[in-house]
Amino acid sequence: MEFGVTVPNNWGIEDPQAVIRFGVWAEELGYDSIWVMDHLFNNGYIRERLDDKPYYHPMATLSHISALTSRIMLGTSVLVLPYHNPVELAKYAATLDQMSGGRLVLGIGVGAMTPEFEALGIPLSQRGSLTNESMDIMRELWSNEDPRFSSNRWEFEDLKFSPKPAQTVGGSLSVPLWVGGNSTGALHRAGRRGDGWHPSGVSAEEFAIGRRTVRDVAEAAGRNPDELVMSVRVEVEAHGGPSSERAADRSRLPGDDAAGMAAGIAAYQEAGAEHVALALNTGDVERIGELMQVIAEDVIPQFR
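Criteria and cut-off values
Residues numbered from 1 in each chain as written. Predicted model: local features only at pLDDT ≥ 70, side-chain atom pairs only at ≥ 80, totals over all residues. Heavy atoms only, no water. Helix = DSSP H or I, 4+ residues; strand = E, 2+ residues; numbered from the N terminus. Contact = heavy atoms within 4.5 Å. Polar contact = N/O pair within 3.5 Å; in protein donor to acceptor, adjacent residues only side chain to side chain. Core = buried A, V, L, I, M, F, W, Y, C linked by side-chain atoms within 4.5 Å. Buried < 20%, exposed > 50% of the residue type's maximum accessible area, 1.4 Å probe, protein only. Axes fitted to C-alpha atoms, helices over the stretch in contact; angles between N-to-C directions. Parallel < 35°, antiparallel > 145°, perpendicular 65-115°, else oblique. Left-handed = near helix turned anticlockwise from the far one by under 90°. Nonpolar A, V, L, I, M, F, W, Y, C, P; charged D, E, K, R; others polar. Patch = residues over 30% accessible without salt bridge, like charges linked within 9 Å, V, L, I, M, F, W, Y side chains within 5 Å. Areas by Shrake-Rupley, 256 points an atom, 1.4 Å probe, with all protein chains shown as cover. Salt bridge = Lys/Arg side-chain N within 4 Å of Asp/Glu carboxyl O. Pairing = 2+ DSSP bridges. Expected span 1.5 Å × (residues − 1). Arc of directions from axis to C-beta.

Enquirer: Explain the environment of Asp 136 to me, please; I cannot follow it from the model alone.
Expert: If you trace the backbone, Asp 136 turns up in helix α6 (residues 127-143). A C-alpha to C-alpha distance of 9.2 Å links Asp 136 and Pro 86, two positions 50 residues apart in sequence. Discounting residues that sit within four places of it in the chain, Asp 136 has contacts with Phe 149 and Arg 193. For Asp 136, the side chain forms a polar contact with the side chain of Arg 193, separated by 2.6 Å.

Structure representation (structure tokens):
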């Protein structure tokens, strides 16, 4: 079992250096990975939480942290793929993968915020096909010396693309793409196209069911399901809450109970999770630090 922790790029922390320091400290504490989130506008529930406070770009945040660390994996949980130009993102991701020594993982998803899609001029109804196409384009650019692609949206050939990623996935140069989401479309996308599955907001029981589906889809598509990484992002209630609320939502872990947190993580491990990303739900810098230390000292050692 590997453990990651979120870096609060999405919690309105005014000092960007405070955000960056959590990535450095996560490596010092022995975490295996750090994770950042992705939205371009503060709208919907994000605006309710932040208004106009900072929501830092995920790739810029990881880039800065990569320069100050040497070991820890750098992940997005998740990057809303339709929001991003796939050629530009492929170049940014490959560059960061090279500069970090092959430490990048792109958790990717289709998105769900209607106002954000409208503001960007992207049809919400096309988000699935856009995501699939973007995955194909990035892999083509990363893996082929003479990349070419043809669709209704994109047409290119007779060009060179560099740099290529530092990592190799399935025998080809690529940044690993872990597919987020727990819908039928997401499960099939993970099984057919993903290098891993990375849902959030699912209970251990739901994870077990989804994992079986992803593996079955992969096998039916002629892929080796054992090559797909099974990961999950689990919310940690930073400031506790009524026990009744915790019991009702089995996808959240209690931040004020190390034993309860460990028990919850053990359930995901039993369900087949290989990598758990713990999302610390607060913008309270002091509380984030406390939680990171408690998890590193009292929870993770139980699984090592």
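Moving on from the coordinates now.
Enquirer: What's the story with the nonpolar core in this structure? I'm lost.
Expert: Nonpolar side chains in soluble globular proteins tend to be buried together. Counting 72 residues, the largest nonpolar core has Tyr 31, Ile 34, Leu 104, Leu 106, Trp 142, Phe 207 and Leu 278 as the members making the most contacts within it. If one sorts the elements of this core by residue count, helix α11 (residues 285-299) sits on top with 6 residues. Apart from residues lying up to four places away in sequence, Leu 106 is in contact with Met 59, Thr 76, Leu 79, Ala 93, Trp 142, Val 175, Pro 176, Leu 177 and Trp 178. Within the second largest apolar cluster, 6 residues are counted, among which are Val 80, Met 113, Phe 117 and Leu 130.

Enquirer: In this structure, what is going on with the packing of helix α1 (residues 16-29) against α11? I would like to understand it.
Expert: Geometry of a packed helix pair, given as the angle between the helix axes and the separation of the axes. Contact geometry of α1 with α11 gives a least axis separation of 10 Å together with a crossing angle of 15°. Looking at the two axes, α1 sits roughly parallel to α11. You can see that α1 and α11 cross each other, and the crossing is right-handed. Of α11, the residues touching α1 (which contributes Phe 22, Trp 25, Ala 26 and Leu 29) are Val 285, Ile 288, Gly 289, Met 292, Gln 293 and Ala 296. Looking at side-chain class alone, the contact of α1 with α11 contains 8 nonpolar, 2 polar and no charged residues.

Enquirer: Can you walk me through a nonpolar patch on the surface in this structure?
Expert: Side chains of Leu 40, Phe 41 and Leu 120 sit close together on the surface and give an oily, nonpolar patch of about 220 Å² of accessible area. By the element assignment, Leu 40 lies in the loop between β2 (33-36) and α2 (45-50).

Enquirer: Honestly, the pairing of strand β13 (residues 275-280) in this entry has me stumped. Any pointers?
Expert: Counting buried positions over the 6 residues of β13 gives 6, a clear majority of the element. Every second residue of β13 is oriented toward a common face, with His 275, Ala 277 and Ala 279 on one face and Val 276, Leu 278 and Leu 280 on the other, all of them buried. Bridge count between strand β1 (residues 2-6) and β13: 4 bridges; the pairing is parallel. Looking at β13, one finds that Phe 3 is bridged to Val 276. The pairing of strand β11 (residues 229-237) with β13 spans 6 bridges and is classified as parallel. Across the sheet, Arg 233 pairs through a bridge with Ala 277, a residue of β13.

Enquirer: Any chance you could explain the pattern of salt bridges here in plain terms?
Expert: When their charged atoms lie close together, side chains carrying opposite charge are able to pair. Counting across every chain of the model gives 12 salt bridges. Across the salt bridge formed by Arg 139 and Asp 195, the nearest N and O atoms sit 3.0 Å from each other. Here Arg 139, found in helix α6, pairs with Asp 195, found in the loop between α7 (184-193) and β10 (196-197); they are 56 residues apart in sequence, far enough to count as distant. Residue Arg 139 shares its accessibility class with Asp 195, and that shared class is buried. A salt bridge links Glu 205 to Arg 250; the shortest N-O distance between them is 3.3 Å. Taken as a pair, Glu 205 in helix α8 (residues 204-220) and Arg 250 in the loop between α9 (243-248) and β12 (252-254) lie far apart in primary sequence, 45 residues in all.

Enquirer: Quick question: what am I supposed to make of helix α10 (residues 258-270) here?
Expert: It helps to recall that an α-helix has 3.6 residues per turn; residues three or four apart then point in one direction. Relative to the 18 Å expected for 13 residues at 1.5 Å per residue, α10 spans 18 Å between its end C-alpha atoms, a close match to the ideal helical length. Where α10 is concerned, the buried positions are Met 261, Ala 262, Gly 264, Ile 265 and Tyr 268. Buried residues of α10 fall within an arc of 160° about the axis and therefore sit on the same side. Turned more than 90 degrees away from the buried face of α10, the exposed residues are Ala 259 and Glu 270. Of the surrounding elements, those touching the buried residues of α10 are β1, α8, β11, β12, β13 and α11. Between the side-chain oxygen at the start of α10 and the backbone nitrogen of Ala 259 there is a gap of 3.3 Å, and the oxygen is on Asp 257. Two residues or fewer past α10, Gly 272 is found with a positive phi of approximately 110°.

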